[in-house]
Amino acid sequence: MSNIFFINCDEATTICNKNQYKEASLWEKLKLGIHLFICKNCGRYSKQNATLTKVCDKHLHKCETEHKLSEEEKEELQKKVIEKIK
Amino acid sequence: MSIQSKHTLDPNNWVGAHSDYLFNYTITRVDNEEVAKDIVQETFFSGLKAQNNFRGQASERTWLISILKRKIIDHYRKINSTKGKAEVRVNFYQDGDRKGTWLEERVPKMWDNEAERDIENEELKSALDTCIDNLPEKYRMVFVMKNVQHYETEEICNELGITASNLWVIIHRARHQLRKCLEDNWFAK
């Protein structure tokens, strides 16, 4: 019975992390809510985790320019491929 | 006689025609230039060996991408089986009465009250970059795919050959380590 509603800190923080991507289920969120109500450490973790998400959203961006190989790298690669063809 | 024109392979021209595309494709998944270069090279080599299996139904590039995808999974399996495991830092009691509760030394510390205001800081960005670089490779790979490239969970699972619960365990551990790293180097310094 108790296990249905009560989860440990490891499980709670796993759900908390999933929730940062809005992918936790309703049931998981309920269990997390109950746990956060009774656990100070996870409460603090949860707050800091939200800050971590904000920091990532603010500072991590997809590189819009395409990554390319340099001419030298291509030449070297070309040589190796040609060698294998022979 | 077939009226449908079949695709053909032209290995002499692979590097010129496809290497940038394959390199860019790889780097958004493995987040490391040297590794990406090696994977592209291996893809061409495997392609050469497997030329006889090419049926001409897909384009040359599509065919090379399908080889590349297998190479990325191979790379992921390799780092998953070797390095990653030893580097896992435990945050919770693993057994006994207190199983799953915080280890004393891993309990989150109080952060500076200014934390909220500090988010825009450029130095924080470099602290974050360093912390991400310090993640074990497989955690970094999954974290970057999720948080930087914004691939869907399902897509990452398919591309790396892992289950959703594997993925959440990895994200869980990566974020624990990042939180701790930013705490030590920034917020609670």
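What you are looking at is a predicted structure, and each value in this text was computed from that prediction instead of being measured. Every chain is numbered independently, its residues counted from 1 as its sequence is written. Chain letters start at A and ligand numbers start at 1, both assigned in the order the entries are written. Local features in this predicted model are restricted to residues of pLDDT 70 or higher, and side-chain atom pairs are both shown and tallied only at a pLDDT of 80 or more, whereas totals for entire chains, interfaces and linings draw on every residue.

Digging into the overall build of chain B
Each helix and strand counted, chain B has eight helices and zero strands in total. Strands are runs of DSSP state E lasting at least two residues, helices are runs of H or I lasting at least four, and both sets are numbered from the N terminus onward. Traced from its N-terminal end to its C-terminal end, chain B shows the element sequence α-α-α-α-α-α-α-α. Once C-beta atoms are placed from the backbone, each residue is buried if 20 or more other C-beta atoms lie within 10 Å of its own, exposed if 12 or fewer, and partly exposed for counts between those two. By the burial criterion, 33% of the 189 residues in chain B qualify as buried. Once C-beta atoms are placed from the backbone, any two residues with those atoms within 7 Å are in contact. Contacts spanning at least 24 positions in sequence make up 68% of the contacts within chain B whose residues lie at least 6 apart.

Looking at the domain arrangement of chain B
Residue and element names in this part refer to chain B. Either an automatic procedure or a domain database provided the assignment from which the domain bounds are taken. Each assigned domain of chain B is listed with its residue range as follows: domain 1 (11–81) and domain 2 (85–187). The gap between the C-alpha centroids of domain 1 and domain 2 is 29 Å. In this complex, domain 1 contributes ten residues to the contact, which on the side of domain 2 involves ten residues. Listing elements by their share of the side of domain 1 that touches domain 2, those giving two or more residues are helix 1 (14–30) and helix 3 (60–81). In terms of residues, the side of domain 1 that touches domain 2 owes the most to one element, helix 3, which gives six residues. Looking at side-chain class alone, the side of domain 1 that touches domain 2 contains five nonpolar, two polar and three charged residues. Classes in brief: Ala, Val, Leu, Ile, Met, Phe, Trp, Tyr, Cys and Pro nonpolar; Asp, Glu, Lys and Arg charged; the others, Gly included, polar.

Side note on the environment of Cys181 of chain B
With respect to the helices, strands and loops of the structure, Cys181 of chain B is situated in helix 8 (residues 164–187). Spatially, the C-alpha atoms of Cys181 of chain B and Ile156 of chain B are 25 Å apart, while their sequence positions differ by 25 residues.

Regarding the interface of chain B and chain A
Across the contact, 40 residues belong to chain B and 36 residues belong to chain A. Counting residues per element, the ones that place at least two in the side of chain B that touches chain A are helix 1, helix 2 (33–49), helix 5 (122–133) and helix 8 of chain B.

So, the nonpolar core
Grouped together as the largest cluster of nonpolar side chains are 42 residues, with contacts concentrated most on Val142, Phe143, Ala174 and Leu182 of chain B. Shared between two domains, this core takes at least three residues from each, and those domains are domain 1 (11–81) and domain 2 (85–187) of chain B. Discounting residues that sit within four places of it in the chain, Phe143 of chain B has contacts with Ile132, Leu135, Ile171 and Ala174 of chain B. As used throughout, a nonpolar core is a set of buried Ala, Val, Leu, Ile, Met, Phe, Trp, Tyr and Cys residues joined through C-beta atoms within 7 Å of each other. The next biggest cluster of nonpolar side chains, apart from the first, holds nine residues, and it includes Cys9, Cys16 and Tyr45 of chain A together with Trp102 of chain B.

What about the confidence of the model for chain B?
Residue and element names in this part refer to chain B. Summary statistics for chain B give a mean pLDDT of 89 and a share of 90% for residues scoring 70 or more. Scored between 0 and 100, pLDDT is the confidence that the predictor attaches to each residue. Taken element by element, the predicted model of chain B shows its lowest mean pLDDT in helix 4 (residues 83–86) (52) and its highest in helix 2 (96). For this predicted complex, the interface confidence reaches an ipTM of 0.87, while the overall pTM sits at 0.85.

Some remarks on the packing of helix 1 of chain B against helix 3 of chain B
All names here are of chain B. Axis lines are fitted to C-alpha atoms, over the contacting stretch for helices. Their N-to-C directions set the angle, which ranges from 0 to 180 degrees. Orientation of helix 1 relative to helix 3, taken along the N-to-C sense of each, is 30°, at an axis distance of 11 Å. With respect to their mutual orientation, helix 1 and helix 3 come out roughly parallel. Note that helix 1 runs across helix 3; the crossing there is right-handed. Seen from helix 1, the contacting residues are His18, Tyr21, Leu22, Tyr25, Thr26, Arg29 and Val30; seen from helix 3, they are Arg61, Leu64, Ile65, Leu68, Ile72 and His75. Looking at side-chain class alone, the contact of helix 1 with helix 3 contains eight nonpolar, three polar and two charged residues. Any angle that falls under 35 degrees is termed roughly parallel, while one over 145 is termed roughly antiparallel, one within 65 to 115 roughly perpendicular, and all others oblique. The crossing is said to be left-handed when, going from far helix to near helix, the turn is anticlockwise and less than a right angle, and right-handed when the turn is clockwise.

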